[in-house]
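Descriptive structure summary
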Amino acid sequence: MFVKICGLRTVADVECAVAEGADAVGFVLAASPRQISVDDVARLVPVASENVLTVGVFLGQTTAEVRDVVAATGLGAVQLHGNAYTAENFAELTDLGVTLVRATSVTGEERVTVGSHGEDMLILDSPRAGSGEQWAWSGLRGQSGRWMLAGGLGPDNVAEAVASVQPWGVDVSSGVEVTRGTKDHGLIRDFMKAVRES
Ligand SMILES: O=C(O)c1ccccc1NCC(=O)[C@H](O)[C@H](O)COP(=O)(O)O
């Protein structure tokens, strides 16, 4: 099971996620209590080991701005969040050679094809990104490809969610925080343990 821990802001956050076995760490460059600067992202990317995917989360930025951030930071992946990003936007980024992640929300009933916009990975999230709100994901059963379930996951419900919809991966932010924007390393540990045991 692929695990992305999102909204990391400090060296200690990244070290913890890596030590606990996360496959990807997310840095929010969109407006958010979790937002960090481009300089901070450049400082945190090398903290992750080479086999951990470093993901920049964008919402509202143009692809030209995204390109500049990738050049300045060495991010390994770009997450374009929300339905405003088109297939053309993904095409504008393919030559960067980074992993492209699309994040969108669904009602839970429709089938969504991974790669339909040119993305390498897809995140199916709640309508309010980073809100910690659980949504009606049970209708996602049968979804295939490299897709991650997100939205209101935490140590107490991730095993049930995995058993229910069998995603390729999971993505969490609020569920491993003590207060909005501040990660709790014990909760990161608990979340990873719950995923491993699922
Ligand atoms: O996390 C944010 O604050 C955020 C803000 C703007 C766009 C995207 C954002 N997060 C994207 C993520 O990938 C989160 O991990 C995902 O929405 C799940 O969040 P949560 O429900 O809090 O676990």
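The name given to the chain in an unreviewed UniProt entry is N-(5'-phosphoribosyl)anthranilate isomerase, with the source organism recorded as Allokutzneria oryzae. UniProt annotates the chain under Pathway (unreviewed entry) with the comment "Amino-acid biosynthesis; L-tryptophan biosynthesis; L-tryptophan from chorismate: step 3/5." Under the heading Catalytic activity (unreviewed entry), UniProt records this for the chain: "N-(5-phospho-beta-D-ribosyl)anthranilate = 1-(2-carboxyphenylamino)-1-deoxy-D-ribulose 5-phosphate".

The phi dihedral of Q166 is positive, around 45°, even though this residue is not glycine. Mapped onto the secondary structure, Q166 falls in the loop between α5 (158-165) and β8 (169-172).

Glancing now at the sheet that holds strand β7 (residues 147-150). Pairing is parallel in the closed barrel, where 8 strands are placed in the order β1-β2-β3-β4-β5-β6-β7-β8. Averaged over all adjacent pairs, the angle separating strand axes in this sheet is 25°, with direction ignored. Alignment of strand β5 (residues 99-105) against strand β6 (residues 121-125), held across 5 bridges, turns out to be parallel. Each bridged residue has a counterpart across the sheet, and for S105 the counterpart in β6 is D125.

Turning our eyes to something else, we now look at the environment of M1. With respect to the helices, strands and loops of the structure, M1 is situated in the segment before β1 (2-5). Separated by 52 residues in the primary sequence, M1 and L53 have C-alpha atoms spaced 14 Å apart. Sequence-distant contacts of M1, that is, excluding residues within four places in its chain, are made with V162, G169, V170 and V195.

In the vicinity of the ligand, 27 residues are found, and the nearest of them are C6, S32, A129, G130 and S174. The set of elements that each furnish at least two residues to the shell around the ligand consists of β2 (24-28), β6 and β8. Residues that form the shell around the ligand fall into these classes: 11 nonpolar, 13 polar and 3 charged.

Glancing now at the environment of H81. Relative to the assigned elements, H81 resides in strand β4 (residues 77-81). Take H81: there are 22 C-beta atoms within 10 Å of it, and that puts it in the buried class. Between the alpha carbons of H81 and A103 there is a distance of 4.7 Å; along the sequence they are 22 residues apart. Setting aside residues no more than four positions away along its own chain, H81 makes contact with A30, V57, F58, L59, A103 and A129.

On to the pairing of β6, then. Consecutive side chains along a regular strand alternate between the two faces of the sheet. Among the 5 residues of β6, 5 are classified as buried, and the element is accordingly described as predominantly covered. Side chains M121, I123 and D125 of β6 all project onto a buried face; the interleaved residues L122 and L124 project onto the opposite face, where all are buried too. The sheet contact formed by β6 and β7 spans 3 bridges and is parallel. Of the residues in β7, the one forming a bridge with L124 is L149.

A few words now on the environment of F2. Here F2 shows up in strand β1. Distance in space between the C-alpha atoms of F2 and D23 is 5.9 Å, their sequence separation being 21 residues. Discounting residues that sit within four places of it in the chain, F2 has contacts with D23, M148, W168 and G169.

Here the focus is the nonpolar core. The biggest cluster of nonpolar side chains holds 54 residues, and the ones touching the most others in it are I5, V25 and V78. The element that contributes the greatest number of residues to this core is helix α6 (residues 185-196), accounting for 5 residues. Look past the residues within four positions of V78 in its chain and what remains in contact with it is G56, F58, V66, V70, L93, V98, L100 and V101.

Where burial is concerned, most of β2 is hidden: 5 out of the 5 residues are buried. Going residue by residue along β2, you find A24, G26 and V28 tucked away on one face and V25 and F27 tucked away on the opposite face as well. Sheet analysis places β1 next to β2, joined by 2 bridges and oriented parallel. Across the sheet, residue K4 finds its bridge partner in β2, namely A24. Chirality of the crossover, the property in question, places the unit of β1, helix α1 (residues 11-19) and β2 among those that are right-handed. Here β2 pairs with strand β3 (residues 53-58) via 5 bridges, running parallel. For F27, the partnering residue across the bridge sits in β3 and is G56. Tracing the backbone out of β2, into helix α2 (residues 38-44) and back to the parallel element β3 gives a crossover that is right-handed.

Each value, and the rule that gives it
Residues numbered from 1 in each chain as written. Predicted model: local features only at pLDDT ≥ 70, side-chain atom pairs only at ≥ 80, totals over all residues. UniProt positions renumbered as here; feature names shortened; annotations may be inferred. Helix = DSSP H or I, 4+ residues; strand = E, 2+ residues; numbered from the N terminus. Pairing = 2+ DSSP bridges. Axes fitted to C-alpha atoms, helices over the stretch in contact; angles between N-to-C directions. Contact = placed C-beta atoms within 7 Å. Near = placed C-beta within 6 Å. Nonpolar A, V, L, I, M, F, W, Y, C, P; charged D, E, K, R; others polar. Buried ≥ 20, exposed ≤ 12 C-beta atoms within 10 Å, placed from the backbone. Core = buried A, V, L, I, M, F, W, Y, C linked by C-beta atoms within 7 Å. Right-handed = clockwise from strand over helix to strand, strands pointing away.

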